[in-house]
Amino acid sequence: MLRSTFFNRALSLSSCSIPCVLPRCRAYLLRRPPTVCAYSSSASPPPTSAYVHLPFCRKRCYYCDFPVVALGSSAHPDADPRVSSYVRLLLRDIAATKPPVSDSDEHPPLQTVFFGGGTPSLVPPTIISSILDALSVKFSFCESPEVSIEMDPGTFDKEKLAQMLELGVNRVSLGVQAFQEELLNACGRAHGLKEVYEAIEMVTSCPSLQNWSMDLISSLPHQTRDMWEESLRCAIHARPTHLSIYDLQIEQGTKFGQLYSPGEFPLPTESQSAQFYKIASQMLSEAGYNHYEISSYCLDGYECKHNLTYWGNRSFYGFGLGSASYINGMRLSRPRRLREYTEWVQKLEEGTKHHDFHVDAKEMAMDVMMLSLRTARGLDLRSFARSFGRRLVHSLCEGLKQYVESGHVIAMDDDRNLLTYHEFELKTREEDGVAFIRLSDPDGFLLSNELISIAFGIISP
């Protein structure tokens, strides 16, 4: 999987979209596993973010394992009955969803909406309008919500972009993926390099659009270092406010899964993939971008607010095929197949309770730890101790001690000043202890799979 615009319940290490350079280590076992104290997940605030899945695309890309509906290159989505039928179903899903019960009768308005897919820019603006209206009626919006939409080159023109912005869309995520024609063809992308530059020109010349992101993929078949550096230079020249850099993951059931094996030619080796990651970190940092999350870079103040909901392990709604919600400490996933999703919505309207997944204290601790370590801010050990117990924090520090010494894990005090290894050792013996830990950039991020595996073993041996 390349990207995670909606957070599916997945604590497996494969959910981290970066290369694992070193072999996955054995679980770190303690003779006396630390007790994870009770955590009241049901007390979490109601969602203020919503993900909306629009599964339509012209063709399925060779790496894609998302639930999508390929319409064909000659299709007209505004007149396609598959599109109109799905949107009616989606609107029923929104209408039948009950906001969580809270202490007050009022529920907070939505602060972020993310249209993902698929290729949401394929559908006509009238459909985006109807969905935003439904969300507004059901949940309302704050005064200035962040409304993001994924758009692929070749699926929109200036008029369509302007109409989207008039509806309230104020953030565009442009799926470029590569700046080489041969790589776009090798991925099965429906657009070419000409459409890439046309899309960038339209986005950058639109005065009312100040916030836009670009997606790039590394470790593609036959991709060389020169190609990767060229893509990064072209991206920097376009000057998006945000960049998402994804390492290719070969998934079963995809065309790439049938053709290739990870680490074998024509795919880059693990060491080459790691080098691509380091190159991106260096070039983008030198160009003024903040590496605020493992696969995310932004100019100052342009973090994706919607994705920060996921990294902060906060509640969110998910609507549409295969999407997931996280509400009151419960994870609820919708079916990935259209027939099952139709039946699912029908049962929701009838008031039938769907099977959901309760996140217990250990699972919550693993979620918080994993998601926090994906970010440059890292894990707030003070907050973690209040929720899950100081003993667990002490065990985590002990288990990660050698990686603090090697520089893969960075320890900080309350003012976020970096601690030396000697200071870290002393702090772990004190009552208050270390305040924050984070992974170093890029070496710690590259080793995140192993480090998270160690932490998982400590939390739940």
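Everything that follows concerns the structure shown earlier in this document.
A short tour of the structure in this document, coming up. (Residues numbered from 1 in each chain as written. Predicted model: local features only at pLDDT ≥ 70, side-chain atom pairs only at ≥ 80, totals over all residues. Heavy atoms only, no water.)

Attention now moves to the packing of helix 1 (residues 81-96) against helix 10 (residues 338-349). Following both chains from N to C, one finds helix 1 and helix 10 inclined at 35 degrees, their axes separated by 9 Å at the closest point. Handedness of the crossing formed by helix 1 with helix 10: left-handed. Here Tyr86, Leu89, Leu90, Arg92, Asp93 and Ala96 of helix 1 come into contact with helix 10, specifically with Leu338, Tyr341, Thr342, Trp344, Val345, Gln346, Leu348 and Glu349. Tallied by class, the residues present in the contact of helix 1 with helix 10 amount to 9 nonpolar, 2 polar and 3 charged. (Axes fitted to C-alpha atoms, helices over the stretch in contact; angles between N-to-C directions. Helix = DSSP H or I, 4+ residues; strand = E, 2+ residues; numbered from the N terminus. Left-handed = near helix turned anticlockwise from the far one by under 90°. Contact = heavy atoms within 4.5 Å. Nonpolar A, V, L, I, M, F, W, Y, C, P; charged D, E, K, R; others polar.)

In this section: the packing of aromatic side chains. The final tally for this structure, using the stated rule, is 15 aromatic pairs. Between the aromatic rings of tyrosine 86 and tyrosine 341, the centroid separation amounts to 6.2 Å while the plane-to-plane angle is 40 degrees, which identifies the pairing as tilted. In this pair, tyrosine 86 sits in helix 1 while tyrosine 341 sits in helix 10, placing the two residues 255 residues apart along the sequence. Accessibility classification places tyrosine 86 together with tyrosine 341 in one group, the buried group. Through a chain of ring-to-ring contacts, three or more aromatic side chains come together here, namely Tyr62, Tyr63, Phe256 and Tyr260. When the ring centre of tyrosine 62 is taken as origin, the NZ or CZ atom of lysine 255, which lies over that ring, is 4.3 Å away. Sitting above the plane of the phenylalanine 436 ring, arginine 416 keeps its charged end 4.5 Å from the centroid. (Phe/Tyr/Trp six-rings, centres within 6.5 Å; stacked < 30°, edge-to-face > 60°. Buried < 20%, exposed > 50% of the residue type's maximum accessible area, 1.4 Å probe, protein only. Lys NZ or Arg CZ within 6 Å of the ring centre and 35° of its normal.)

As a further point, take the side chain of threonine 97. Summarising the element assignment, threonine 97 is placed in the loop between helix 1 and strand 4 (110-117). There is a polar contact of 2.8 Å between the side chain of threonine 97 and the backbone oxygen of aspartate 93. (Polar contact = N/O pair within 3.5 Å; in protein donor to acceptor, adjacent residues only side chain to side chain.)

Before going further, it helps to examine the nonpolar core. Within soluble globular proteins, side chains that are nonpolar generally end up buried alongside one another. Grouped together as the largest cluster of nonpolar side chains are 88 residues, with contacts concentrated most on Phe115, Phe179 and Met214. The residues contacting methionine 214, other than those within four sequence positions of it, are Leu174, Val176, Phe179, Ile200, Ala235, Ala238, Pro240, His242, Leu243 and Ser244. Counting residues in hydrophobic clusters, the runner-up holds 50 residues, among them Cys304, Phe388, Leu451 and Phe456. (Core = buried A, V, L, I, M, F, W, Y, C linked by side-chain atoms within 4.5 Å.)

On the surface, Glu181, Glu182, Asp226 and Glu230 cluster together to form a negatively charged patch. Of all the secondary structure elements, the ones that give two or more residues to the negative patch are helix 4 (181-187) and helix 6 (225-238). Looking at the secondary structure, you find glutamate 181 in helix 4. (Patch = residues over 30% accessible without salt bridge, like charges linked within 9 Å, V, L, I, M, F, W, Y side chains within 5 Å. Areas by Shrake-Rupley, 256 points an atom, 1.4 Å probe, with all protein chains shown as cover. Salt bridge = Lys/Arg side-chain N within 4 Å of Asp/Glu carboxyl O. Lys, Arg positive; Asp, Glu negative; His and termini not counted. Charge placed at Lys NZ, Arg CZ, Asp CG, Glu CD.)

Moving on, we come to the packing of helix 6 against helix 8 (residues 270-286). Between two packed helices, the angle of one axis relative to the other and the distance separating the axes together describe the packing. Helix 8 packs onto helix 6 with a crossing angle of 25 degrees between their chain directions and a minimal axis gap of 10 Å. It follows from the interaxial angle that helix 6 and helix 8 lie roughly parallel. Between helix 6 and helix 8 lies a crossing of right-handed hand. Between helix 6 and helix 8, the residues in contact are Arg225, Trp228, Glu229, Leu232, Arg233 and Ile236 and Gln275, Phe276, Ile279, Ala280, Met283 and Leu284, respectively. Classifying every residue of the contact of helix 6 with helix 8 by side-chain character gives 8 nonpolar, 1 polar and 3 charged. (Parallel < 35°, antiparallel > 145°, perpendicular 65-115°, else oblique.)

All chains considered together, the criterion is met by 12 salt bridges. One salt bridge connects lysine 194 with glutamate 198, and the closest N-O pair in it is separated by 2.6 Å. With a gap of 4 residues between them, lysine 194 and glutamate 198 both fall in helix 5 (residues 193-204), about one helical turn apart. Looking at lysine 194, the relative accessible area reads 55%, which means it is exposed. Note that arginine 382 and aspartate 414 form a salt bridge whose closest N and O atoms lie 2.8 Å from each other. Here arginine 382, found in helix 12 (residues 381-388), pairs with aspartate 414, found in the loop between strand 16 (409-412) and helix 15 (421-428); they are 32 residues apart in sequence, far enough to count as distant. Taking relative accessible area as the criterion, aspartate 414 reaches 47% and is therefore assigned partly exposed.

The next subject is the environment of serine 74. Within the secondary structure layout, serine 74 lies in the loop between strand 3 (69-70) and helix 1. Residues serine 74 and arginine 58, spaced 16 residues apart in sequence, show a C-alpha to C-alpha distance of 8.1 Å.

Moving on, we get to the sheet that holds strand 9 (residues 290-293). With mixed pairing, 9 strands are arranged side by side in an open sheet as 9-10-8-7-6-5-4-1-11. The open sheet terminates on both sides in strands that have one partner only, identified here as strand 9 and strand 11 (317-319). The sheet shows a mean angle of 20 degrees between the axes of neighbouring strands, direction not considered. As paired strands, strand 7 (residues 212-218) and strand 8 (residues 242-247) are joined by 6 bridges and run parallel to one another. For methionine 214, the partnering residue across the bridge sits in strand 8 and is leucine 243. Along the sheet face, helix 5 touches strand 6 (171-177) and strand 7 and points at about 155 degrees away from the line of strand 7. (Pairing = 2+ DSSP bridges.)

Relative to the assigned elements, phenylalanine 456 resides in helix 17 (residues 448-459). Phenylalanine 456 sits in the buried class, given a relative accessible area of 12%. For the pair phenylalanine 456 and glutamate 363, spaced 93 residues apart in the sequence, the C-alpha separation amounts to 9.3 Å.

Burial of strand 1 (residues 49-54) is extensive: 6 of the 6 residues sit out of reach of the surface. In terms of strand pairing, strand 1 meets strand 4 through 6 bridges, oriented parallel. The partner of histidine 53 across the bridge, within strand 4, is glycine 116. Relative to strand 11, strand 1 runs parallel, the two being bridged by 3 bridges. By the bridge assignment, alanine 50 is partnered in strand 11 with tyrosine 317.

A separate point is helix 2 (residues 125-139). Its 15 residues place the ends of helix 2 21 Å apart at the C-alpha level, agreeing with the 21 Å of an ideal helix rising 1.5 Å per residue. The complete set of buried residues in helix 2 reads Pro125, Ile127, Ile128, Ile131, Leu132, Leu135 and Phe139. Relative to the axis of helix 2, the buried residues are bounded by an arc of 160 degrees and lie together on one face. Along helix 2, exposed side chains directed more than 90 degrees from the buried face belong to Thr126 and Val137. Check the buried side of helix 2 and you find it contacts strand 1, helix 1, strand 4, strand 5 (141-151), helix 3 (158-167) and strand 11. Once helix 2 finishes, serine 140 follows within two positions and takes phi at roughly 70 degrees, a positive value. (Expected span 1.5 Å × (residues − 1). Arc of directions from axis to C-beta.)

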